[in-house]
Amino acid sequence: MTKSALLNIDVQRSFEHRPFWQEDDLPAFQHALTRLIDGCQTRGVPVIDIFHVNPEGVFSLESGLVAPMAFLSHTSQKRVYKHVHNALLESGLDAWLREQDISHLIISGLRTEQCCETTTRVASDIGYQVTFVTEATMTFPMTHACGEAFSTAAIKRHTELVLADRFATITDVDGALAQLDLAV
């Protein structure tokens, strides 16, 4: 049987203090992530909280903002601090997951196209089965250097396009939980 873990990536108060922060997609993200966390915990799937840390600024430990966003109330099985975009390689998380015989990762968190996508690619490359729960990720609109604006929906669609069938199974919360139920 495949053992799974939910990676809750960078859902930290630091983001609320960045100039690009906006709450347009926050209610839907909160609902989806809370359902996913609750569903995983009900099924005995460990939830790992991952936090991005920089030496200074709002992502520094000294800022006091490297902490879960206020809507999160779960107890994680592990807390990991990372300094790069992927959550696995320099954080010690990969070694811990392997010690636990975990071979399937469920990806959620902030930002869809950065740390969530990068962690997914690295996880797949180093041998994990990966489920990417787009509904339980959040990002922000971006503007290309040429001036073209990309909505959060467009960014999420692009992430799904480049990950699907190469690096991960793409699904929503219901699909991820159903997948866990089938693995039992």
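Each remark here, short or long, concerns the structure printed above.
If you're wondering where the values come from, they're calculated on a predicted model, not measured in any experiment.

**So, the packing of helix α3 (residues 112-125) against helix α4 (residues 152-163)**
Two quantities define a packed helix pair, namely the angle between the helix axes and the distance between the axes.
Move 1: Remark: α3 packs on α4, axes separated minimally by 11 Å, with the N-to-C direction vectors making an angle of 10°. Considering their axes alone, α3 and α4 lie roughly parallel with respect to each other. Residue-level contacts link Thr112, Glu113, Glu117, Thr120 and Arg121 of α3 to Ile155, Lys156, Thr159, Val162 and Leu163 of α4.
Move 2: Of the residues in the contact of α3 with α4, the class split is three nonpolar, three polar and four charged.

**Focus on the pattern of salt bridges**
Move 1: Scanning the entire structure with this criterion turns up six salt bridges.
Move 2: For Arg35, the salt bridge goes to Asp174, with nearest N and O atoms at 2.3 Å. In this pair, Arg35 is assigned in helix α1 (residues 26-42) and Asp174 in helix α5 (residues 173-183), connecting sequence segments 139 residues apart.
Move 3: Overall, Asp174 belongs to the partly exposed group, its relative accessible area being 48%.
Move 4: Residue Glu113 is joined to Arg111 by a salt bridge in which the shortest nitrogen-to-oxygen separation is 3.3 Å. Both residues of the pair, Glu113 and Arg111, belong to the buried class.

**What about the side chain of Glu117?**
Move 1: Structurally, Glu117 is set in helix α3.
Move 2: Residue Glu117 is classed as buried on the basis of its relative accessible area of 9%.
Move 3: One polar contact links Glu117 to Thr159, side chain to side chain, over a distance of 3.0 Å.
Move 4: Those residues in contact with Glu117, other than ones at most four positions away along the chain, are Thr112, Phe132, Thr159, Val162 and Leu163.

**So, the sheet that holds strand β8 (residues 169-171)**
Across a sheet, strands are paired by hydrogen bonds formed along the backbone, either parallel or antiparallel in direction.
Move 1: The strand order across the open sheet built from six strands is β3-β2-β1-β4-β5-β8, with neighbouring strands paired in parallel fashion. Edge positions in the open sheet fall to β3 (78-82) and β8, since each of these has one partner strand only. Taking each pair of neighbouring strands and ignoring which way they run, the sheet shows an average axis angle of 25°.
Move 2: Pairing of strand β4 (residues 102-110) with strand β5 (residues 129-138), which is carried by six bridges, proceeds in the parallel orientation. If you follow Ile107 over to β5, its bridge partner there is Phe132.
Move 3: Packed on one face of the sheet, α1 meets β1 (3-9), β2 (47-52), β4 and β5 and runs near 140° to β5.
Move 4: Contacting β5 and β8, α4 runs over the sheet at an angle of about 175° to β5.

The rules we used
- Residues numbered from 1 in each chain as written.
- Predicted model: local features only at pLDDT ≥ 70, side-chain atom pairs only at ≥ 80, totals over all residues.
- Heavy atoms only, no water.
- Axes fitted to C-alpha atoms, helices over the stretch in contact; angles between N-to-C directions.
- Helix = DSSP H or I, 4+ residues; strand = E, 2+ residues; numbered from the N terminus.
- Parallel < 35°, antiparallel > 145°, perpendicular 65-115°, else oblique.
- Contact = heavy atoms within 4.5 Å.
- Nonpolar A, V, L, I, M, F, W, Y, C, P; charged D, E, K, R; others polar.
- Salt bridge = Lys/Arg side-chain N within 4 Å of Asp/Glu carboxyl O.
- Buried < 20%, exposed > 50% of the residue type's maximum accessible area, 1.4 Å probe, protein only.
- Polar contact = N/O pair within 3.5 Å; in protein donor to acceptor, adjacent residues only side chain to side chain.
- Pairing = 2+ DSSP bridges.

Functional significance is not addressed by these values, which are geometric in nature.
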